Amino acid sequence: MVIGLTPGSVLCWMNKLTNGTSTSHKILERCLHSIMSEDEAIETLDVAIKEGVLVYTPNAKSAPASVKRGLLSFTQKLSKQRAKTDPYCFECHLPTSGLVQKCIMCVRSFHVECQRKNPLRPNYSVPSDRCQQYRFPLNESDMEESSDQEASRSVSDTLEAQRLQELASCELDCNSNINIISQNPLKDESDSSDDVCFVSEQLPRKTKNYGTYVKSEETPHNEDNNELLLCTPCRLLKLAEFLNPPHMSNEELNYLLNYSWQMHHTWVENDVRKYMVNNWSDRDATLVKNILFVNDLLSISDISRSIETKKFKHLSEFLVDLLDLQHNIGIFFGTKCEEYNATKWLLRDITHDLREISRCSDCFRHSIESNRSDFWFAKPCTQRHELVYAKQSGYPHWPAKVIRVMSKKNNTYDVRFFGGSHSRALVPARDILPIDTDTSKLKIKSSRQYNNAMRELMCHQMLLHHPIYSFSFHADPREAENIINSALPHYMEPCSRSAKRARLATPKLNTRRSTAETTPNLPQRVLPRRRCRIAQGPENLQDSTFQMASSVIPSLAPELQVSLLPEVQVSLAPEVQVSLAPEVQVSIEDYNELMREVLHLNAQLSQKKAEVDIKREELKAVKRKRWCQLCLEEAQFDCCFMASYCSVVCQRRDKRRHQTNCNLQEKT
């Protein structure tokens, strides 16, 4: 027993009549005023009583006529028979009244004026947010199909007007049985708006065929008539094979659907089954199911379970389940509630993802796996994309991939650029150049962004020579990453022209050799005699070594200083000790002792510095703490800006002294 009541009315009544309770006629009528007018509420209540959904209680039948219709409750006689057709329109979710069409393949029904012209596009506007008017994403042209339909409609209107004008201008005998033949019955191939060619491809010249006449034949319109007799889900299932990418496996399909579902299913927080389980008993829930729904209820958990079990084999099957979920929510909660608007946002986002998967599933998969590789955009797809130079206003020609060509919209190219954030744009055909164009003629200024984009383009062109299965869904991601890493060294990141050039180092000249060759007769420079005993001889080597050690070793850690000191002593002693006098040896030992003392002092200095740093950090931590105004312990709360206390006891003891200066008391 399925009755066509106003959406949301059964929900309002069941909240008042749970577990078989009864309520007066006025209360049931008043609770509908939030979703409809008073006249509609009276009419809906009368329909429910007439169809037997609401019945009078036995006590109310013997009541006097002055009691207005007595007490009403839901019928407890559950009819287990399912209705043959759905009494609600699948598009507007209102009871079927007026011109209603029943689907010839399922139990759904719809109003003829509500039927979608395109099953992939809704016939309602979707707000992008709760307070903003609907705007499609910048990288997506969802208005393309509507504009194409308007253009085709206007063209068909003009052609029809021309044909009627030709018929009016023709003067034929009434008894003549000659068919009127149009002057241009053949469609020229070059005039076809559906032809798509590459950027570098030259179109053939248009030629006119004179004197060619073909008898017009009327094609049967059975398929078009059958389309009008089908509901939106049946039309989508009929196009299932056409919308699915041919190379995509069932595992990859459910993997992509799972990502889209996990990203967007949070729009809908409450569905019909979840609401019934949380608020009603099993008997009340079963009663409402038999009153409102023809098919079994579909919940969010059912869709998640279908994705986990890899039930979906086509994109259309997933979309049909979402439409059924929206239809159930619209019937149960009403079309003006927050739950139904959430389904619009859900379908808007998921339909956008389904269109991207249908156009190129590899591009969509690479984008959601961008965290695996920085050069994810350079990975080739099974469906090879044309490479072009696209130009937007205010920017130079930039390398890009062609995602699709919208031929019905003056050959507009939907491209996605290399480098940066891989933005997407719609570029007219006049601003598109083939990839083999000489870039020197384009006068593109070299920059870091442009060089990175060209590097990614070259990497993509090199990866095109590898087998396509290396980047497929079932391929090992580590193997793909190794291929990319092997290709990157061939295209190192070029430096920008704007960057400051590094100055070449001046080569060092061999001064000794040059002076010996150029000025051989000049006298040698005589070193002055010093008062130190080691001014001459091999002791100079010890002096320079000591200076170097004293300048380098103190900058090292203390443990490294102690370990390096014996090596310095051992390396110098065998070379110098043999040829030096005893006096010089004594001086070297003095220097060694001095070096030990210096290193020991440096170690102590570094240790003291570390201790001072620790004390400073402790002092900062202490300054940040709050202290009790009375006992000077660490405070737990503030009385005001002037005082803090560790406990309530200290606050009470210090009340008399602090009460005169308390800022909190002055504010109150």
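All values derive from a computational prediction rather than experimental measurement.

Peer 1: Would you explain the overall build of the protein chain in this entry?
Peer 2: Check the secondary structure of the protein chain and you find 24 helices and 12 strands. The proportion of buried residues among the 668 residues of the protein chain is 36%. Here the contacts in the protein chain between residues at least 6 apart in sequence split such that 63% fall between residues at least 24 apart. As displayed, the protein chain offers around 43900 Å² of accessible surface, 52% of which is attributable to carbon and sulfur atoms.

Peer 1: Which parts of the structure should I look at to understand the packing of aromatic side chains?
Peer 2: Aromatic ring pairs are defined here through the distance separating the ring centres and the angle between the ring planes. One pass over the structure, following the stated rule, counts 13 aromatic pairs. With a centroid separation of 5.3 Å and an interplanar angle of 45°, the aromatic rings of Tyr255 and Phe473 are classed as tilted. Taken together, the positions of Tyr255 in helix α9 (residues 250–264) and Phe473 in the loop between α16 (448–463) and α17 (477–487) put the pair 218 residues apart, joining distant regions of the chain. Take Phe473: its relative accessible area is 23%, and that puts it in the partly exposed class. Pairing Phe332 with Phe333 gives two aromatic rings, centres 4.9 Å apart and planes at 85°, and the pair type is edge-to-face.

Peer 1: Hey, could you run me through the pattern of salt bridges in this one?
Peer 2: A side chain of one charge can pair with a side chain of the opposite charge if their charged atoms are brought near each other. In this structure the tally under the stated criterion is 15 salt bridges. Across the pair Arg372 and Glu369 runs a salt bridge, and its minimum N-O distance is 3.6 Å. Overall, the relative accessible area of 8% leaves Glu369 in the buried class. Between Arg404 and Asp414 there is a salt bridge, with the nearest N and O atoms lying 3.0 Å from each other. Residue Arg404 is located in strand β7 (residues 398–406), and its partner Asp414 is located in strand β8 (residues 412–417); the two are separated by 10 residues in the primary sequence. You'll find Arg404 and Asp414 in the same group, each marked buried.

Peer 1: Would you mind showing me how to read a negative patch on the surface here?
Peer 2: There is a patch of like negative charges on the surface, built from Glu38, Asp39, Glu40 and Glu43. With respect to the helices, strands and loops of the structure, Glu43 is situated in helix α3 (residues 38–51).

Peer 1: Quick question: what am I supposed to make of the sheet that holds strand β2 (residues 54–56) here?
Peer 2: Strands in a sheet are paired, the pairing made by backbone hydrogen bonds, and the direction either parallel or antiparallel. Taken together, three strands build an open sheet; the order of strands is β1-β3-β2 and the sheet is antiparallel. Of all strands in the sheet, those bounded by a partner on one side alone are β1 (23–24) and β2. Bridge analysis of β1 against strand β3 (residues 71–74) gives two bridges, and the strand direction is antiparallel. Bridging across to β3, Thr23 finds its partner in Leu72. Sheet strands touched by α3: β2 and β3. Its angle to β2, the strand with the most contacts, is close to 75°.

Peer 1: Would you mind going over the state of the cysteines with me for this structure?
Peer 2: Here a disulfide denotes one covalent bond, and it connects the sulfur atoms of two cysteines. As enumerated under the stated definition, the model contains zero disulfides in all. Counting only cysteine sulfurs, Cys89 is the nearest neighbor of Cys92, a cysteine outside any disulfide, at a range of 3.6 Å. Here Cys381 is not disulfide-linked; the sulfur of Cys363 is the nearest cysteine sulfur, at 3.4 Å.

Peer 1: Help me understand the sheet that holds β7, please; the structure alone is not making it clear to me.
Peer 2: Reading across the sheet, the five strands line up as β9-β8-β7-β6-β10 and stay open at both edges, with antiparallel pairing between neighbours. Both outer strands of the open sheet, β9 (424–427) and β10 (432–434), are each paired with one neighbouring strand and no more. Looking at each pair of strands side by side, their axes are set apart by 45° on average, direction ignored. Two elements, β8 and β9, share four bridges in a ladder whose sense is antiparallel. Residue pairing for β9: Val415 is matched across the bridge by Ala425.

Peer 1: Would you take a moment to explain the packing of α9 against helix α12 (residues 300–308) for this structure?
Peer 2: For any two helices packed against each other, one specifies the inter-axial angle together with the distance between the axes. Relative to each other, α9 and α12 sit at 150°, their axes nearing to 9 Å. Comparing their axes, α12 and α9 come out roughly antiparallel. Of α12, the residues touching α9 (which contributes Asn254, Leu257, Asn258 and Trp261) are Ile300, Ile303, Ser304, Ser306 and Ile307. When the residues that make up the contact of α9 with α12 are grouped by side-chain class, the tally is five nonpolar, four polar and no charged.

Peer 1: It is not clear to me how unusual backbone geometry should be interpreted in this structure. Could you clarify?
Peer 2: The phi angle of most residues is negative, glycine excepted, and most peptide bonds adopt the trans form. For His422, which is not a glycine, the phi torsion comes out positive at approximately 55°. Inspection of the secondary structure puts His422 in the loop between β8 and β9. Here His422 falls in the buried class, since its relative accessible area comes to 8%. Of note in the backbone geometry, Leu632 takes a positive phi value of approximately 65° without being a glycine.

Peer 1: Is there a simple way to think about helix α11 (residues 282–292) in this case?
Peer 2: Each full turn of the α-helix corresponds to 3.6 residues, which orients residues three or four apart in the same direction. When we look at burial in α11, the residues that qualify are Asp284, Ala285, Leu287, Val288, Asn290, Ile291 and Leu292. Buried residues along α11 sit in contact with α1 (9–16), β3, α10 (272–279) and α13 (315–333).

Peer 1: Help me understand the nonpolar core, please; the structure alone is not making it clear to me.
Peer 2: Among the nonpolar cores identified, the biggest contains 66 residues, and Trp13, Phe74, Trp261, Met276, Leu292, Phe318 and Phe332 are the most heavily contacted of them. No other element matches α13, which puts 11 residues into this core. Leaving out residues up to four positions away in the same chain, Phe318 has contacts with Leu257, Trp261, Ile303, Ile307, Phe312, Ile350 and Leu354. One finds Trp398, Tyr413, Val427 and Leu457 within the second-largest nonpolar core, a separate group that totals 21 residues.

Peer 1: How do you make sense of the side chain of His366 when you look at a structure like this?
Peer 2: Its place among the elements puts His366 in helix α15 (residues 361–368). Beyond its immediate stretch of four places on either side in the chain, His366 contacts Trp376, Lys379, Pro380, Cys381 and Phe471.

Peer 1: What is the right way to read the side chain of Asp284 from this model?
Peer 2: Here Asp284 is to be found in helix α11. Arg283 provides the closest opposite charge to the buried, unpaired Asp284, separated from it by 6.0 Å. Reaching out from Asp284, the side chain makes a polar contact with the backbone nitrogen of Asn19 at a distance of 2.9 Å. Aside from chain neighbours lying at most four places away, what touches Asp284 is Met14, Thr18 and Asn19.

Peer 1: Where do I start with the confidence of the model for the protein chain in this structure?
Peer 2: When pLDDT is low, close inspection of the predicted coordinates is not appropriate. Per-residue pLDDT for the protein chain has a mean of 75; in total, 66% of the residues score no lower than 70. In the predicted structure, residues 163–195 sits below a pLDDT of 50 and forms 24 contacts with residues beyond four places in sequence or in another chain. Counting interchain partners and residues more than four positions distant, the pLDDT-below-50 stretch residues 525–546 has 23 contacts.

Peer 1: Honestly, a positive patch on the surface in this entry has me stumped. Any pointers?
Peer 2: A surface patch of positive charge is lined by Arg616, Lys620, Lys623 and Arg624. Here Lys623 lies in helix α21 (residues 582–624).

Peer 1: It is not clear to me how α15 should be interpreted in this structure. Could you clarify?
Peer 2: The buried fraction of α15 amounts to seven of the eight residues, a majority that puts the element mostly inside the structure. Taken together, the buried positions of α15 are Ser361, Asp362, Cys363, Phe364, Arg365, His366 and Ile368. Turning to α15, the residues buried within the fold contact α9 and α14 (338–359).

Peer 1: Mind showing me how you'd approach the pairing of β8 here?
Peer 2: Looking along a regular strand, one sees the side chains alternate between the two faces of the sheet. The buried count for β8 comes to five of six residues, which makes it a mostly enclosed element. Judged from the six bridges that link them, β7 and β8 form a sheet pairing that is antiparallel. By the bridge assignment, Lys401 is partnered in β8 with Arg416.

Definitions and limits used
- Residues numbered from 1 in each chain as written.
- Predicted model: local features only at pLDDT ≥ 70, side-chain atom pairs only at ≥ 80, totals over all residues.
- Heavy atoms only, no water.
- Helix = DSSP H or I, 4+ residues; strand = E, 2+ residues; numbered from the N terminus.
- Buried < 20%, exposed > 50% of the residue type's maximum accessible area, 1.4 Å probe, protein only.
- Contact = heavy atoms within 4.5 Å.
- Areas by Shrake-Rupley, 256 points an atom, 1.4 Å probe, with all protein chains shown as cover.
- Phe/Tyr/Trp six-rings, centres within 6.5 Å; stacked < 30°, edge-to-face > 60°.
- Salt bridge = Lys/Arg side-chain N within 4 Å of Asp/Glu carboxyl O.
- Patch = residues over 30% accessible without salt bridge, like charges linked within 9 Å, V, L, I, M, F, W, Y side chains within 5 Å.
- Lys, Arg positive; Asp, Glu negative; His and termini not counted.
- Charge placed at Lys NZ, Arg CZ, Asp CG, Glu CD.
- Pairing = 2+ DSSP bridges.
- Axes fitted to C-alpha atoms, helices over the stretch in contact; angles between N-to-C directions.
- Disulfide = S-S within 2.5 Å.
- Parallel < 35°, antiparallel > 145°, perpendicular 65-115°, else oblique.
- Nonpolar A, V, L, I, M, F, W, Y, C, P; charged D, E, K, R; others polar.
- Core = buried A, V, L, I, M, F, W, Y, C linked by side-chain atoms within 4.5 Å.
- Polar contact = N/O pair within 3.5 Å; in protein donor to acceptor, adjacent residues only side chain to side chain.
- pLDDT = per-residue confidence, 0-100.

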